[in-house]
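Coordinates in review
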Amino acid sequence: MNSFQLYFRLGLQHILDINGYDHILFVLALCAVFIPRDWRKVVILVTAFTIGHSVTLALATFKVVNINSDLIEFLIPVTIAITAFITILRPKPSSGKGISINYIFALIFGLIHGLGFSNYLRSLLGKEASIWQPLLAFNLGLEVGQLVIVAAFLLLTSILVGLAGVSRKEWTLVVASMVFGVALMLMLETKFW
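Attention in this report is confined to the structure presented alongside it. (Residues numbered from 1 in each chain as written. Predicted model: local features only at pLDDT ≥ 70, side-chain atom pairs only at ≥ 80, totals over all residues. Heavy atoms only, no water.)

**So, a nonpolar patch on the surface**
Rules: Patches draw on residues past 30% relative accessible area with no salt bridge. Two like charges within 9 Å are joined, as are two nonpolar side chains (Val, Leu, Ile, Met, Phe, Trp, Tyr) within 5 Å. Accessible areas in this description were obtained via Shrake-Rupley with a 1.4 Å probe; residue shielding takes into account the shown protein chains only. For this document, the term salt bridge refers to a Lys or Arg side-chain nitrogen within 4 Å of an Asp or Glu carboxyl oxygen. Helix and strand labels come from DSSP, where a helix needs a run of H or I of at least four residues and a strand needs a run of E of at least two; each type is numbered from the N terminus. Each residue gets one of three labels from its accessible area relative to the maximum for its type: buried under 20%, exposed over 50%, partly exposed in between, using a 1.4 Å probe on protein chains only.
A cluster of nonpolar side chains, contributed by Ile51, Val55, Leu59, Phe62, Val64, Ile104, Leu107, Ile108, Leu111 and Trp132, occupies part of the molecular surface with about 890 Å² of accessible area. Contributions of two or more residues to the nonpolar patch are made by α3 (39–61) and α5 (101–125). With four residues, α5 is the single largest residue contributor to the nonpolar patch. By relative accessible area, isoleucine 104 is classed as partly exposed at 42%.

Right under this line is the structure:
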């Protein structure tokens, strides 16, 4: 296996690993208002998140930024809680042609999530001669993993909302509320306190 494949697989596994559930929760909070026919919007949303965390992942990996890891571990569930709470308040996607607040959350909060990955990736890179290719491969793996999560979520949404007749608004509220509850627990459990 070449280096690109290795880091791609590591990025994919990192996001699909159940231990990375905080990242999964954030993606679910972002996508809770969407249904399968909105898949293009969801792909843009997930990509905005990937861009956000790729920027800070690169900056932290190159040691341009260095922020206390306990603070980042606290801020990650804060971003999840804020996103879920806004979704609870507005359980339908905005109908305007402007940029949805979820896109802004995805990009800005992605910056914080990228800092959370930086220590993990730095330890993986070790003494790599060039880290550009592994960094790209890792981020592409993360992106594909996020798309897998979103596809599974949209399939479940399609079954429940489309076939079983569950109200779209109720489904969104259930998902966002569960994510919000878990995020609050994660905030309380961090070392930051």
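Let's pick the thread back up.
**Observations regarding the packing of aromatic side chains**
Put simply, the rule is: What counts as a ring pair is set by centres within 6.5 Å for rings of Phe, Tyr and Trp (its six-membered ring), and what kind of pair is set by the plane angle: stacked under 30 degrees, edge-to-face over 60, tilted for all other angles.
A full pass over the atoms with the stated rule returns five aromatic pairs. One aromatic cluster in this structure is built from Phe26, Phe49, Phe105 and Phe109.

**Some thoughts on the environment of alanine 151**
Considering the arrangement of structural elements, one finds alanine 151 in helix α6 (residues 132–163). Classification of alanine 151 as partly exposed rests on a relative accessible area of 47%. Sequence separation between alanine 151 and tryptophan 39 is 112 residues; the distance between their C-alpha atoms is 8.5 Å.

**Description of the side chain of threonine 157**
To keep things clear, this is the line we draw: Contact between two residues is taken to exist if any of their heavy atoms lie within 4.5 Å; hydrogens are not considered.
Of note, threonine 157 is situated in helix α6. Residue class for threonine 157 comes out buried when judged on its relative accessible area of 0%. Those residues in contact with threonine 157, other than ones at most four positions away along the chain, are Phe34, Ile35, Pro36, Gly162 and Trp171.

**Details of the nonpolar core**
For the record, the criterion: To define a nonpolar core, start from buried Ala, Val, Leu, Ile, Met, Phe, Trp, Tyr and Cys residues and group those joined through side-chain atoms within 4.5 Å.
In this structure, Cys31 and Val179 are the most contacted members of the largest nonpolar core, which totals 54 residues. Those elements that place two or more of their residues in this core are α1 (3–16), α2 (21–31), α3, α4 (69–89), α5, α6 and α7 (168–189). Discounting chain neighbours no more than four positions away, the residues touching cysteine 31 are Val42, Leu45, Val46, Val150 and Phe153.

**A look at the environment of phenylalanine 62**
Along the chain, phenylalanine 62 turns up in the loop between α3 and α4. A residue is classified by how much of its surface remains accessible, and phenylalanine 62, at 35% relative accessible area, is partly exposed. Sequence separation between phenylalanine 62 and isoleucine 131 is 69 residues, and the spatial gap between their C-alpha atoms is 8.8 Å. Discounting chain neighbours no more than four positions away, the residues touching phenylalanine 62 are Ile131, Trp132 and Leu135.

**Section: the packing of α3 against α5**
A pair of packed helices can be characterised by two numbers: the angle between their axes and the separation between those axes. Test applied: Each axis is a line fitted through C-alpha atoms, and for a helix only the stretch in contact is used; angles between axes span 0 to 180 degrees, taken between their N-to-C directions. In what follows, roughly perpendicular refers to angles from 65 to 115 degrees, roughly parallel to angles under 35, roughly antiparallel to angles over 145, and oblique to any angle outside these ranges. Here a crossing is taken to be left-handed if its near helix is turned anticlockwise relative to the far helix by less than a right angle, and right-handed if that turn runs clockwise. Note that Gly is not counted as nonpolar here; it falls among the polar residues with everything else outside the nonpolar set of Ala, Val, Leu, Ile, Met, Phe, Trp, Tyr, Cys and Pro and the charged set of Asp, Glu, Lys and Arg.
The contact between α3 and α5 brings their axes to 6 Å, and the two run at 45°. As summarised for this structure, α3 and α5 are arranged oblique, according to the angle between their axes. Remark: the crossing between α3 and α5 carries right-handed chirality. When the residues that make up the contact of α3 with α5 are grouped by side-chain class, the tally is 17 nonpolar, nine polar and two charged.

**Structural notes on α6**
Counting along an α-helix, one turn takes 3.6 residues, and residues three or four places apart therefore face a common direction. Here is the rule: Expected helix span is taken as 1.5 Å per residue step, with the number of steps being one fewer than the number of residues.
The first and last C-alpha atoms of α6 sit 45 Å apart over 32 residues, in line with the 46 Å expected at 1.5 Å per residue. Taken from the residues just after α6, glycine 165 is the one with a positive phi, measuring 80°.

**Section: the packing of α4 against α7**
Remark: α4 packs on α7, axes separated minimally by 8 Å, with the N-to-C direction vectors making an angle of 155°. Classified by the angle their axes make, α4 and α7 are roughly antiparallel. Crossing of α4 against α7: the hand is left-handed. Here Phe74, Pro77, Val78, Ile80, Ala81, Ala84, Phe85, Thr87 and Ile88 of α4 come into contact with α7, specifically with Thr172, Leu173, Ala176, Ser177, Val179, Phe180, Ala183, Leu186 and Met187. Here the residues of the contact of α4 with α7 are counted per class, giving 15 nonpolar, three polar and no charged.

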